[in-house]
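Analysis of the macromolecular model
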Amino acid sequence: MAYQPKKRKLTAEINVVPYIDVMLVLLIIFMVTAPFVTQGVDVELPSTHTAKTVADLYEDNSGAPIIVEVDQDGNLGLSVDNGDMLRGLALNDLLTRVKAELQLNPKSLVMVGGDGRVPYSFIIETLDALSQAGVGSVGLMTEPLDQ
């Protein structure tokens, strides 16, 4: 009896195991680097004893919080509903965006956070501009004092 090779059927399949390995590595990289992504302007808020958290204030209103931040150089930033901070806005652009958000949701909280090292005049200019733009109530952001 002579040896007869068996006929094997050729299959064209993609091996997905290496792709799964790459996806797991990417997932781990994103999970490790996510806490290091900072949002907002670097602001050292002044501290007080009677500070309320945004969550406490947010329970009273149904609107999305609008946060205006002034860094130590006087640069303005804006965040709506805990979204990404838009940095380096001009005062007119900031006022336009705040007015637009208030027209969409009039119950929104407007809060101003100023760096503890910023000259007080920058905070007052921002508050005055918001008042002239028709913002009726503005909260000032602080950090609670450690006891």
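Below is a short write-up of the structure. (Residues numbered from 1 in each chain as written. Predicted model: local features only at pLDDT ≥ 70, side-chain atom pairs only at ≥ 80, totals over all residues. Heavy atoms only, no water.)

Note on placement: Ser108 falls in the loop between helix H3 (91-104) and strand E5 (110-114). Overall, the relative accessible area of 11% leaves Ser108 in the buried class. Among the polar contacts listed, one links the side chain of Ser108 to the backbone oxygen of Asn105, at a separation of 3.0 Å. (Helix = DSSP H or I, 4+ residues; strand = E, 2+ residues; numbered from the N terminus. Buried < 20%, exposed > 50% of the residue type's maximum accessible area, 1.4 Å probe, protein only. Polar contact = N/O pair within 3.5 Å; in protein donor to acceptor, adjacent residues only side chain to side chain.)

Within a sheet, neighbouring strands are paired by backbone hydrogen bonds and run either parallel or antiparallel to one another. One open sheet holds the five strands; their spatial order is E4-E3-E2-E5-E6, and the pairing between them is mixed. Since the sheet does not close on itself, it has two edges, and those belong to strand E4 (86-89) and strand E6 (138-140), each with one partner. Adjacent strand axes in the sheet meet at a mean angle of 25° when their direction is disregarded. Inspection of the sheet shows E5 paired to E6 by three bridges, in the parallel sense. Within E6, the position partnered with Val110 by the bridge is Val138. Packed onto the sheet, H3 meets strand E2 (66-70), strand E3 (76-80), E4 and E5 and runs at close to 15° relative to E3. (Pairing = 2+ DSSP bridges. Axes fitted to C-alpha atoms, helices over the stretch in contact; angles between N-to-C directions. Contact = heavy atoms within 4.5 Å.)

So, on to the nonpolar core. One finds Leu78, Leu94, Val98 and Leu130 to be the most contacted residues of the largest nonpolar core, which totals 18 residues. Listing elements by their share of this core, those giving two or more residues are E2, E3, H3, E5 and helix H4 (120-132). It is H3 that provides the largest number of residues to this core, a total of four residues. Beyond its immediate stretch of four places on either side in the chain, Leu78 contacts Ile66, Ile67, Val68, Asp84, Met85, Leu86, Leu89, Leu94, Arg97 and Val98. (Core = buried A, V, L, I, M, F, W, Y, C linked by side-chain atoms within 4.5 Å.)

In terms of burial, E3 is a largely internal element, four of the five residues being buried. In this sheet, E3 lies alongside E2 in antiparallel orientation, the contact comprising five bridges. Residue pairing for E3: Val68 is matched across the bridge by Leu78. The loop that links E2 with its antiparallel partner E3 comprises five residues; one of these, Gly74, has a positive phi angle of about 90°.

Taken as a whole and judged by the stated rule, the model has one salt bridge. Asp115 is the partner of Arg117 in a salt bridge, and the nearest nitrogen-oxygen pair spans 2.9 Å. Using a relative accessible area of 46% as the deciding quantity, one classes Arg117 as partly exposed. The class of Asp115 is buried, set by a relative accessible area of 3%. (Salt bridge = Lys/Arg side-chain N within 4 Å of Asp/Glu carboxyl O.)

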